[in-house]
Amino acid sequence: MKLVIVNYGAGNIQSIKFAFKRLGYDAVLSDDAKEIRAADRVIFPGVGEASSAMNKLRASGLDKVIQELKQPVLGICLGMQLMCHSTEEGNTSGLGIFDTDVVRFTNRVKVPQIGWNQISNLKSSLFKGVAEKDHIYLVHSYYAPICSETIAVSEYEMPYSSALQKDNFYGVQFHPEKSSKVGERILKNFLELA
Amino acid sequence: MLTKRIIPCLDIKDGRTVKGINFVDLRDAGDPVELAQMYANEGADELVFLDISATEERRKTLADLVKRVAEKVNIPFTVGGGISSIKDVDVLLHNGADKVSINSSAVKNPELINELVAKFGSQCIVVAIDAKQINGEWKVHLVGGKVPTEIELFEWAKEVEERGAGEILFTSMDHDGTKNGFANETLARLSTERNIPIIASGGAGNMQHFIDTFKDGKADAALAASVFHFKEMEIKDLKKKLQDNGIPVRL
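Residues numbered from 1 in each chain as written. Chains lettered and ligands numbered in written order. Predicted model: local features only at pLDDT ≥ 70, side-chain atom pairs only at ≥ 80, totals over all residues. Heavy atoms only, no water.

**Re the interface of chain B and chain A**
Using the following cut-off: Here, residues are in contact when the closest pair of their heavy atoms is within 4.5 Å. Buried area is a sum: the accessible area each of two parts loses on coming together, probed at 1.4 Å, counted once for each and added. What makes a salt bridge here is a side-chain nitrogen of Lys or Arg within 4 Å of a carboxyl oxygen of Asp or Glu, nothing more. In protein, a polar contact means a hydrogen-donor-capable atom and an acceptor-capable atom, both N or O and within 3.5 Å, with residues adjacent in sequence counting only if both atoms are side-chain atoms; elsewhere, any N or O pair within 3.5 Å suffices. Secondary structure elements follow DSSP: runs of H or I no shorter than four residues count as helices, runs of E no shorter than two count as strands, and numbering proceeds from the N terminus. Classification used: nonpolar for Ala, Val, Leu, Ile, Met, Phe, Trp, Tyr, Cys and Pro, charged for Asp, Glu, Lys and Arg, polar for all others including Gly.
Of the residues lining the interface, 38 residues belong to chain B; the matching set on chain A comes to 29 residues. Across the chain B to chain A interface the summed buried area is about 2600 Å²; carbon plus sulfur atoms make up 51%. When the area that chain B buries against chain A is broken down by residue, the three leading residues are Leu2, Asn74 and Asn195 of chain B, summing to 26%. Where lysine 178 of chain A meets aspartate 98 of chain B, a salt bridge forms, and the shortest distance between an N and an O atom there is 3.0 Å. Summed over the shared surface of chain B and chain A, the number is 18 residue pairs in polar contact (both at pLDDT 80 or more). Of all the secondary structure elements, the ones that give two or more residues to the side of chain B that touches chain A are α2 (58–72) and α3 (86–94) of chain B. Top element by residues in the side of chain B that touches chain A is α2 of chain B. It accounts for 4 residues. A breakdown of the residues in the side of chain B that touches chain A according to their chemical character gives 15 nonpolar, 11 polar and 12 charged.

**Some remarks on the sheet that holds strand β13 (residues 169–172) of chain A**
All names here are of chain A. Applied cut-off: The criterion for strand pairing is that DSSP finds at least two bridges linking the strands in question. Here an angle of 0 to 180 degrees is reported between the N-to-C directions of two axes, which are lines fitted to C-alpha atoms, with helices fitted over the stretch in contact.
Read across the open sheet, the 7 strands follow the order β2-β1-β3-β4-β13-β12-β11; overall the sheet is mixed. Two strands close off the open sheet at either side, each with one partner strand: β2 (27–30) and β11 (150–156). Put simply, the sheet's adjacent strands are angled 25° from each other on average, direction ignored. Across 3 bridges, strand β3 (residues 41–44) lies against strand β4 (residues 73–76) in parallel orientation. Paired with isoleucine 43 across the strands is leucine 74, a residue of β4. Against the sheet, helix α1 (residues 14–22) engages β1 (3–6), β2, β3 and β4, with an angle of about 160° to β2. The strands that helix α6 (residues 180–191) touches are β1, β3, β4 and β13; relative to β3, the one it contacts most, it runs at about 135°.

**As for the sheet that holds strand β10 (residues 142–143) of chain A**
One key point about sheets: their strands pair by backbone hydrogen bonds, in either a parallel or an antiparallel sense. The mixed open sheet is built from 4 strands, whose spatial order is β6-β5-β7-β10 (chain A). Edge positions in the open sheet fall to β6 (92–93) and β10 of chain A, since each of these has one partner strand only.

**A look at the environment of lysine 34 of chain A**
Residue and element names in this part refer to chain A. Note the threshold: Think of it in three bands: with a 1.4 Å probe and only protein chains considered, a residue is buried below 20% of the maximum accessible area for its type, exposed above 50%, and partly exposed in between.
Within the secondary structure, lysine 34 sits in helix α2 (residues 33–38). For lysine 34, a relative accessible area of 68% corresponds to the exposed category. For the pair lysine 34 and serine 15, spaced 19 residues apart in the sequence, the C-alpha separation amounts to 24 Å.

Here it is as structure tokens:
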């Protein structure tokens, strides 16, 4: 299985590589369109600020490459947010894969949300073997509201999308690579998607 | 529901784990990577590695350690100690650290917080604040709590948040090493005034202290070292006890 992590200069991607290594898979970091297109699975990570991350994607042409992928793609954290229609962070237009707009938590709660929260209403084989209300690790200030593409829900200030799916595109707001055994199971499920 | 976090802190010197009692009198307590894995398996929610080495090779030793931890450990971890530049942070994050914590360097050059946040994002920038009471006023201290400043704790915490830090790690020097409980009154004020998570540090001695710091201190997370290092309590037992007391935890 050829596993590629899209490398566009967006923060800590070693952790994702190491997480797959612990599962027994070697993931390749790549910014090469050809290599990304040829992969069996593509991970689209992202940490940091949305508009600068999106600018890097556009500058390298990887925005179009990702939009056109046919194999299973997993966006993580900011990666998931950039796969949405837009994000309020830096008034950024996203890749438009998920038909929802990412917005900021209000100051009624502490922002960023940092720590372990629960996922429920699990609706995808991505969550095979994961129980309702299992814990996952999150760090984020912006969130995708509940929509028709929601496949997992977390609650902070209100219920919101902890994961999204459209066709071959999956996105998770949490960090599976840092979510202990539950996260490892989700990464394994992603590799085993039919 | 977002849960309260339990965070063991590993003090690191020259790649080995130590624990300071009031930041002096160091004792060796093992290999950091092994200890980190053990804590992760026992249910720790996060780990903090605080580097207190003073050698010239410290940056490289720390980067190597961070990489070894990131390879093995499946929970998030923060690295702090002597971090003073964008370059320092870049190396640590690149090697697999999830967050970095800055302390003295932020006090000396507050603009560093803004620069780090702009480059890496709020989510990975923790500002650690060491403070103790002098004539009834909480004053920020530097260099592991040894050097007093004129800076008032609550004003500094406000500035830290405004400059974009994602979290505050507050250590009361008056409580650290005493095992008499956390500085809950002060923590509660920090947690109420600020809108970013507050990690309580300094004073953990028994399970009730953790219950108190989450209930009375309104802390979002609690950090401790020696009670875990010397097996005075197991993290699993602590989290069960917290749950029994109505505090949301990950079990």
